[in-house]
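Spelled out, the chains give:
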Amino acid sequence: MTTIRGQGDFMRLGQFKALLALSSTGSIRGAARELNLSQSAVTRALRELEEDVGAKLFERRVDGTRFTPSGQSLLSHARLVMATLDRARDEVRRLNGQGQARVCFALTPLVATLGLHRIVQDFHRRYPDGQLDVDLGMVDHALPLILEGRLDFAVTFGYPDMLTSDMVFRPFTAIRMVPTVGAGAQVTESVTWEDLAERFWALHPGVNSVDQRVMDWLARRGIRPHHPPTLCRSPYLLTVLGGHSDLIMLAPEPMLTQNLEPGGLRRVILRADQELPPPIQMGLITRRHVPLSEAAQHVASLTERICSVL
């Protein structure tokens, strides 16, 4: 049986499969059904896994199975292991003419607006039978998917304090966030941040979101919105809202300078003495020691070329 060497022990892939099945189904019975095994076989695999790692991984409750913190941690690693093995198998098959190229990646709305159509067209020319799986490149959403191996890479904003030792960040460019408002809204020219703080805002929430980083930057200068902001987790809905309201929003500067914003946003002109937040690095985030497939490397390189014009 294939094994993965641990600290003096062996964690079998069958045990990882049992752990993942338990997570997806919520019960031993469901996991056994998913794996086409007996409940006793699944129970034994999970018990042996707990013995291997020396920790309790889950608890059985009336409302289903709940993973312990140790179980959650191991679950994340198990997902990465299985995803890496699946990608390695798919790549070998493709190189031998037996499989299709598949790339799972995430892009920020800015990069998607600028060049996702070019990425798709180029990919289909190079890999006619291949498949792209594109996700939203918001940091809080993309990072867990990278850590679990469900994304090959993400092109998004990166900050040294949010990346773990398991990640690699390669910056492509730096983007400045600027205040915007709907094209039809009445905003006096040459305003201050204090003036804007008195208005209503709409923001994308999240500890690591670029909006929150800018708000933290303002807070360090003693500037905070006077009203609770409208929180919108969808960049598309946020853009639609901003284009049809007088809410203050933050947008990447290239969205406005390159006329990439069809929703009717316009930049708020700040007074000459008003400082702008520093640019934020945007680039490629991957999992350390997990190589990209040839197809994923090609898509990542094309994305870097697209970002070079920002």
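With that settled, the discussion passes to the overall build of the chain. When you go through the chain residue by residue, the secondary structure sums to 11 helices and 14 strands. When its C-alpha atoms are laid out on the principal axes, the chain stretches across 70 × 50 × 30 Å. For the chain, the proportion of its 310 residues judged to be buried stands at 45%. When contacts within the chain are restricted to residue pairs at least 6 apart in sequence, those whose partners lie at least 24 apart make up 75%. Only carbon and sulfur atoms are counted for the fraction: they give 50% of the accessible area of the chain, which is about 16300 Å². Across the chain, the mean location of the 35 positive side-chain charges is 5 Å away from that of the 33 negative side-chain charges.

You can see Thr108 is positioned in the loop between strand 5 (102-107) and helix 5 (109-126). The residues touching Thr108, leaving out its near neighbours within four places in the chain, are Gly137, Val155, Thr156, Phe157 and Met282.

Another aspect to go through is the packing of aromatic side chains. Summed over the entire model, instances satisfying the criterion amount to 4 aromatic pairs. With a centroid separation of 5.4 Å and 25 degrees between ring planes, the pair formed by Phe105 and Phe153 is classed as stacked. Pair noted here: Phe105 is in strand 5 and Phe153 is in strand 7 (residues 153-157), with a separation of 48 residues, a long-range link. Here Phe105 and Phe153 have matching classes, each one buried.

Each α-helix turn comprises 3.6 residues. Residues three or four places apart therefore point the same way. By the burial criterion, the buried members of helix 9 (residues 235-243) are Pro235, Leu238, Gly242 and Gly243. Each buried residue of helix 9 lies within a common arc of 125 degrees when the element is viewed along its axis, so the set occupies one face.

In this structure, Val103, Phe153 and Trp201 are the most contacted members of the largest nonpolar core, which totals 60 residues. With 7 residues, the single largest contributor to this core is helix 11 (residues 294-307). Residues in contact with Phe153, not counting those within four places in the same chain, are Val103, Cys104, Phe105, Ala106, Ile146, Leu284, Ile285, Thr286, Leu292, Ala296, Val299 and Ala300. If you look at the next biggest cluster of nonpolar residues, it comprises 20 residues, including Ala18, Ala21, Leu57 and Leu74.

Its 15 residues place the ends of helix 3 (residues 39-53) 21 Å apart at the C-alpha level, agreeing with the 21 Å of an ideal helix rising 1.5 Å per residue. Among all positions of helix 3, only Ala41, Val42, Ala45, Leu46, Leu49, Glu50 and Asp52 are buried. Following helix 3 by one or two positions, Gly54 has its phi on the positive side, about 70 degrees.

Turning our attention to the sheet that holds strand 8 (residues 167-175). Read from one edge of the open sheet, 5 strands run 6-5-7-14-8, paired in mixed fashion. Both outer strands of the open sheet, strand 6 (131-136) and strand 8, are each paired with one neighbouring strand and no more. Neighbouring strand axes in the sheet, compared pairwise and without regard to direction, differ in orientation by 20 degrees on average. Its contacts with the sheet put helix 5 on strand 5, strand 6, strand 7, strand 8 and strand 14 (280-287), and the angle it makes with strand 5 is roughly 165 degrees.

What follows deals with unusual backbone geometry. Even without being glycine, Asn36 reaches a positive phi, approximately 60 degrees. Mapped onto the fold, Asn36 is located in the loop between helix 2 (28-35) and helix 3. With relative accessibility at 70%, the residue Asn36 sits in the exposed group.

So, on to the packing of helix 1 (residues 13-25) against helix 3. For the pair helix 1 and helix 3, the least separation of the axes is 9 Å and the interaxial angle reads 110 degrees. The orientation of helix 1 with respect to helix 3, classified from their angle, is roughly perpendicular. In this structure, helix 1 contributes Gln15, Phe16, Ala18, Leu19 and Leu22 to the contact, and helix 3 contributes Val42, Ala45, Leu46, Glu48, Leu49 and Asp52. Broken down by class, the residue content of the contact of helix 1 with helix 3 amounts to 8 nonpolar, 1 polar and 2 charged.

Moving on, we come to the packing of helix 2 against helix 3. It is the contact of helix 2 with helix 3, at a shortest axis distance of 8 Å, that shows an interaxial angle of 105 degrees. With respect to each other, helix 2 and helix 3 are oriented roughly perpendicular. In this structure, helix 2 uses Ile28, Arg29, Ala31, Ala32 and Leu35 to contact helix 3, whose residues at the interface are Gln39, Val42, Thr43 and Leu46. Partitioning the contact of helix 2 with helix 3 into residue classes produces 6 nonpolar, 2 polar and 1 charged.

Moving on: the confidence of the model for the chain. With 93% of its residues at a pLDDT of at least 70, the chain reaches an overall mean of 86. Predicted confidence for residues 1-9 stays below pLDDT 50, and this span has 14 contacts to residues more than four positions away or in other chains.

Enumeration over the complete set of coordinates arrives at 11 salt bridges. Two residues, Arg61 and Glu59, come together in a salt bridge whose shortest N-O distance is 3.3 Å. Relative accessible area serves as the criterion here: at 31%, Glu59 is assigned to the partly exposed category. Linking Asp166 and Arg287 is a salt bridge whose minimum nitrogen-to-oxygen distance equals 3.5 Å. Of this pair, Asp166 sits in the loop between strand 7 and strand 8 while Arg287 sits in strand 14, and the two are 121 residues apart along the sequence.

Basis of the calculations
Throughout this document, residue positions are counted from 1 along each chain, in the order its sequence is written. Totals for whole chains, interfaces and linings use every residue, but because this is a predicted model, local features are given only for residues with pLDDT of at least 70 and side-chain atom pairs only at 80 or more, for both listing and counting. To obtain the side-chain values, all non-hydrogen atoms of the structure were included, while hydrogens and water were left out. In this description a helix means any DSSP run of H or I spanning at least four residues, a strand means any run of E spanning at least two, and both kinds are numbered starting from the N terminus. Exposure categories follow from relative accessible area, calculated using a 1.4 Å probe and restricted to protein chains: below 20% of the type maximum is buried, above 50% is exposed, and the middle band is partly exposed. The contact rule is simple, with two residues in contact once any of their heavy atoms fall within 4.5 Å. Using a 1.4 Å probe, the Shrake-Rupley method yields the accessible areas, and only the shown protein chains count as cover for residues. The sign given to each residue is positive for Lys and Arg and negative for Asp and Glu; His and the chain ends receive no count. In this description, the location of a charge corresponds to atom NZ of lysine, CZ of arginine, CG of aspartate or CD of glutamate. Centres within 6.5 Å are what make two rings of Phe, Tyr or Trp a pair, Trp counting through its six-membered ring; a difference in plane orientation under 30 degrees is then read as stacked, over 60 as edge-to-face, and the rest as tilted. Arc definition: it is the arc formed by the directions from the helix axis to the C-beta atoms. Joining through side-chain atoms within 4.5 Å is the link that ties buried Ala, Val, Leu, Ile, Met, Phe, Trp, Tyr and Cys residues into a set, and such a set is a nonpolar core. One fewer than the residue count of a helix, multiplied by 1.5 Å, yields its expected span. Each pair of strands is called paired provided DSSP finds at least two bridges between the two strands. Simply put, an axis is a line fit to the C-alpha atoms, just over the touching stretch for a helix, and the angle between two N-to-C directions goes from 0 to 180 degrees. An angle below 35 degrees is treated as roughly parallel, one above 145 as roughly antiparallel, one from 65 to 115 as roughly perpendicular, and anything else as oblique. Any residue that is not Ala, Val, Leu, Ile, Met, Phe, Trp, Tyr, Cys, Pro, Asp, Glu, Lys or Arg is counted as polar, Gly included; the first ten are nonpolar and the last four charged. pLDDT is a residue-level measure of predictor confidence that goes from 0 to 100. Between Lys or Arg on one side and Asp or Glu on the other, a salt bridge is scored when a side-chain nitrogen of the former is within 4 Å of a carboxyl oxygen of the latter.

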